[in-house]
Amino acid sequence: MLDASIVAEMKRIVGGENVFTTLEERLCYGYDSTPEAFLPDLVVRPDEVGEIQQILKLANKHLIPVFPRGAGTGLSGGSLPVKGGIVLDLTRMDRILEIDEENLVAVVEPGVITQHLQEEVEKRGLFYPPDPASLKTSTLGGNVAECAGGPRAFKYGVTRDYVLGLEVVTPQGEIVRTGGKTVKSVTGYDLTRLYTGSEGTLGVITKIFLRLIPKPEAKKTLMAVYERLDDAANNVTMIIKKGIIPVTLELMDDRTIHCVEKHCKMGLPLDAEAILIIEVDGLKDLVEKQAAQIAELCRANGAREVKVAEDEKTRDEIWAARRAVSAAVVQIKPTKISEDVSVPRSQIPNMVRKLKEIASRYRLNLVIFGHAGDGNLHPNILCDKKDPEEMERVEKAIGELFQAAVELGGTLSGEHGIGIMKAPYLKLETGEAGYDVMLAIKKALDPNNILNPGKIFGSESNG
Ligand SMILES: Cc1cc2nc3c(=O)[nH]c(=O)nc-3n(C[C@H](O)[C@H](O)[C@H](O)COP(=O)(O)OP(=O)(O)OC[C@H]3O[C@@H](n4cnc5c(N)ncnc54)[C@H](O)[C@@H]3O)c2cc1C
């Protein structure tokens, strides 16, 4: 437990009602969306940047670990208080400070819920594209810290493509400002990019400048059903070769289809090997033309059925199947290990085959879904963490899964980050030299290793 004088000082900084000390309160901040959990010594809920500066100065002086936290929807264990210490809950800082329609920029605090910003800008005919499936809950601070992606990343890119500038509090409690409202900025090192995706290990993000774009005029959604997974994967490439970049190109494999159908009874085809959900957006006439072209391409190349949503109700029905995946798959077994390897798009069939082979060899329940357009797959292993024998097989399978992704020219994580879950595998992709550069940055910016220790590098960030 922390010294009583530290707790008293924290209460002075943020007010007693914003410091949680009881076991019940602390338990609520010890978990995220991974199966892991740890107990913090203290939870502190600041409301403004000056308070965060004071908290970090105090923590740095007394060498107390601090774990920044948004909504706790992370899938790599990023916000977990693995060494006790202080959980820094940023959800009180939830103000949209400005929507600048002239410069197409939104300025927000880190605790703004992703969907809230999207709704506010859409009221003004503007668009903030990054759409992690957790957007109703996740915070923009968490999105920036993880460089979140989502189904629309294929056409519109990921969070980093919209971050123009940041205000960050360093582990020593100083304020760093990077970028701003300008589209261009090449003043020195690109610190905005460095902090984006840094998983709360280098600084606490307290203000974000986000690029907005005009809202597309129309969109259209299609669902294509395939008897062979390879046909689905090949169709993805064909659509792109035709010069069409859909907003989303989502893939669900046979086991995912079975899980969703069992859970939701939507009438999904249980004899299909894959489903693609495709959405196009843009000018109305172009959208109609592209949807018709895609439907034709799919039918001519192996899709046995193509459903084109002609109204909102059908569109919602199609997306309901994809949105139900997370809830449906956890009905199979109590523990869900959610990975997010990404491979070059052309390697999707090879990666899927490899994943299925690994799952069968280790006798594991595996479902595969994800963003086929950008090669970002979500193999989810459904298991029971209380079964040590099964978890041993899961561990071995995960190691092989990462190895396969890297061998196919891919990456360990397309969007969920490294956190604690992938830390043991980082060097597989970075190599020794790349790893050393990253660790040197961490050590230079946080020499006392107080900010989110144990993440990305595991225990090696110490000392
Ligand atoms: C059902 C479900 C669906 C998901 N779908 C997607 C998806 O489609 N795409 C995707 O990319 N991810 C997805 N995720 C993962 C998760 O939602 C994202 O990583 C999200 O960005 C995390 O936001 P959060 O506010 O919950 O952050 P948290 O989980 O609280 O924290 C995540 C990381 O950010 C750090 N952090 C948080 N706020 C700050 C801050 N202000 N300053 C510095 N560091 C900070 C934390 O220390 C931690 O390392 C999904 C998760 C779930 C549960």
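**Let's talk about empty space enclosed by the protein**
This structure, assessed with the given rule, holds two cavities of 30 Å³ or more. By volume, the largest cavity amounts to about 50 Å³. In this structure, the largest cavity is lined by S33, T34, P35, L75, K336, I337, S338, E339 and M421. The residue makeup of the lining of the largest cavity, split by class, is four nonpolar, three polar and two charged. Two domains each provide a minimum of three residues to the lining of the largest cavity, namely domain 1 (4-89) and domain 4 (333-407). When residues of the lining of the second largest cavity are traced back to their parent elements, those giving at least two are α13 (348-361) and α14 (388-407). Here the lining of the second largest cavity is built from residues that sort into eight nonpolar, no polar and no charged.

**Considerations on helix α8 (residues 229-241)**
An α-helical segment advances 3.6 residues per turn. Residues three or four places apart therefore align on the same side. The terminal C-alpha atoms of α8 lie 19 Å apart, and with 13 residues this matches the ideal 18 Å at 1.5 Å per residue to within 8%. Residues L229, D231, A232, A233, N235, V236, I239 and I240 constitute the buried set of α8. Residues of α8 that are buried in the fold lie against α6 (153-156), β12 (218-226), β13 (248-253), β14 (274-282), α10 (284-300) and α13. At the exit of α8 stands G243, carrying a positive phi of roughly 90°.

**Focus: the site of the ligand**
Residues in close proximity to the ligand total 35 residues, the closest being P68, G70, T73, S134 and T139. In this structure, an oxygen atom belonging to the ligand sits 3.2 Å away from a main-chain N or O atom of G78. Contact distances for the ligand include 3.1 Å between a nitrogen atom and a side-chain N or O atom of E415. Only β3 (66-69), α5 (140-146) and β10 (204-211) provide two or more residues apiece to the shell around the ligand. It is α5 that provides the largest number of residues to the shell around the ligand, a total of five residues.

**Quick notes on the domain arrangement of the chain**
For the chain, the assigned domains are domain 1 (4-89), domain 2 (96-214), domain 3 (218-327), domain 4 (333-407) and domain 5 (423-462). Put simply, the middle of domain 1 and the middle of domain 5, counted by C-alpha atoms, are 22 Å apart. If you look at the interface, domain 1 gives 15 residues, while domain 5 gives eight residues. Between domain 1 and domain 5 the total buried area reaches about 840 Å² when both faces are included, carbon and sulfur atoms providing 61% of it. Our count for the domain 1 to domain 5 interface comes out at zero salt bridges. Remark: the boundary between domain 1 and domain 5 carries six residue pairs in polar contact (both at pLDDT 80 or more). Taken together, the residues of the side of domain 1 that touches domain 5 break down into 10 nonpolar, four polar and one charged.

**Description of the packing of helix α1 (residues 4-14) against helix α3 (residues 49-62)**
Each pair of packed helices can be summarised by the angle the axes make with each other and by the distance between the axes. α3 packs onto α1 with a crossing angle of 165° between their chain directions and a minimal axis gap of 9 Å. Considering the angle they form, α1 stands roughly antiparallel to α3. Regarding α1 and α3, the two cross each other, and that crossing is right-handed. Every residue of α3 that contacts α1 at I6, E9, M10, R12, I13 and V14 is listed here: E51, Q54, I55, L58 and H62.

**Details of α3**
For α3, built from 14 residues, the straight-helix expectation of 20 Å at 1.5 Å per residue is met to within 8% by its first-to-last C-alpha distance of 20 Å. Of all 14 residues that make up α3, 10 are buried, and the element is covered over most of its length. V49, G50, E51, I52, Q53, I55, L56, L58, A59 and N60 are the residues of α3 that are buried. Looking at where α3 begins, the residue whose side-chain oxygen comes 3.0 Å from the main-chain nitrogen of G50 is E48. Two residues or fewer after α3 comes L63, characterised by a positive phi angle close to 55°.

**Description of the pattern of salt bridges**
For the structure shown, the criterion picks out 36 salt bridges. Note that K181 is salt-bridged to E98, the shortest N-O span being 2.8 Å. One end of the pair, K181, is in the loop between β9 (175-179) and α7 (191-195); the other, E98, is in strand β5 (residues 96-100), with 83 residues separating them in the sequence. By relative accessible area, K181 is classed as partly exposed at 29%.

**Regarding unusual backbone geometry**
In this structure, L63 takes a positive phi of about 55° despite not being glycine. With respect to the helices, strands and loops of the structure, L63 is situated in the loop between α3 and β3. A relative accessible area of 54% means that L63 is categorised as exposed. Located in the positive-phi region is C147, a residue other than glycine, with phi close to 50°. In this fold, C147 is placed in the loop between α5 and α6.

**What about the layout of surface pockets?**
Counted as a void, the second largest pocket has a volume near 770 Å³. R160, G197, E199, I418 and M438 are, among the 29 residues lining the second largest pocket, the residues nearest its centre. Elements with a contribution of two residues or more to the lining of the second largest pocket: α7 and α15 (426-445). In terms of residue count, the dominant contributor to the lining of the second largest pocket is α15 (seven residues). Grouping the constituent residues of the lining of the second largest pocket by class yields 12 nonpolar, 10 polar and seven charged. Viewed by domain, the lining of the second largest pocket spans two of them, domain 2 (96-214) and domain 5 (423-462), each represented by three or more residues.

Criteria and cut-off values
Residues numbered from 1 in each chain as written. Predicted model: local features only at pLDDT ≥ 70, side-chain atom pairs only at ≥ 80, totals over all residues. Heavy atoms only, no water. 1 Å grid on protein atoms, 1.4 Å probe; cavity = no way out; pocket = protein on both sides within 12 Å on 5 of 7 lines; lining within 4 Å. Points joined across faces, edges and corners; volume = space filled by probe spheres on them. Nonpolar A, V, L, I, M, F, W, Y, C, P; charged D, E, K, R; others polar. Domains from an automatic or database assignment. Helix = DSSP H or I, 4+ residues; strand = E, 2+ residues; numbered from the N terminus. Expected span 1.5 Å × (residues − 1). Buried < 20%, exposed > 50% of the residue type's maximum accessible area, 1.4 Å probe, protein only. Contact = heavy atoms within 4.5 Å. Near = heavy atom within 4 Å. Polar contact = N/O pair within 3.5 Å; in protein donor to acceptor, adjacent residues only side chain to side chain. Buried area = accessible area lost by both parts, 1.4 Å probe. Salt bridge = Lys/Arg side-chain N within 4 Å of Asp/Glu carboxyl O. Axes fitted to C-alpha atoms, helices over the stretch in contact; angles between N-to-C directions. Parallel < 35°, antiparallel > 145°, perpendicular 65-115°, else oblique. Left-handed = near helix turned anticlockwise from the far one by under 90°.

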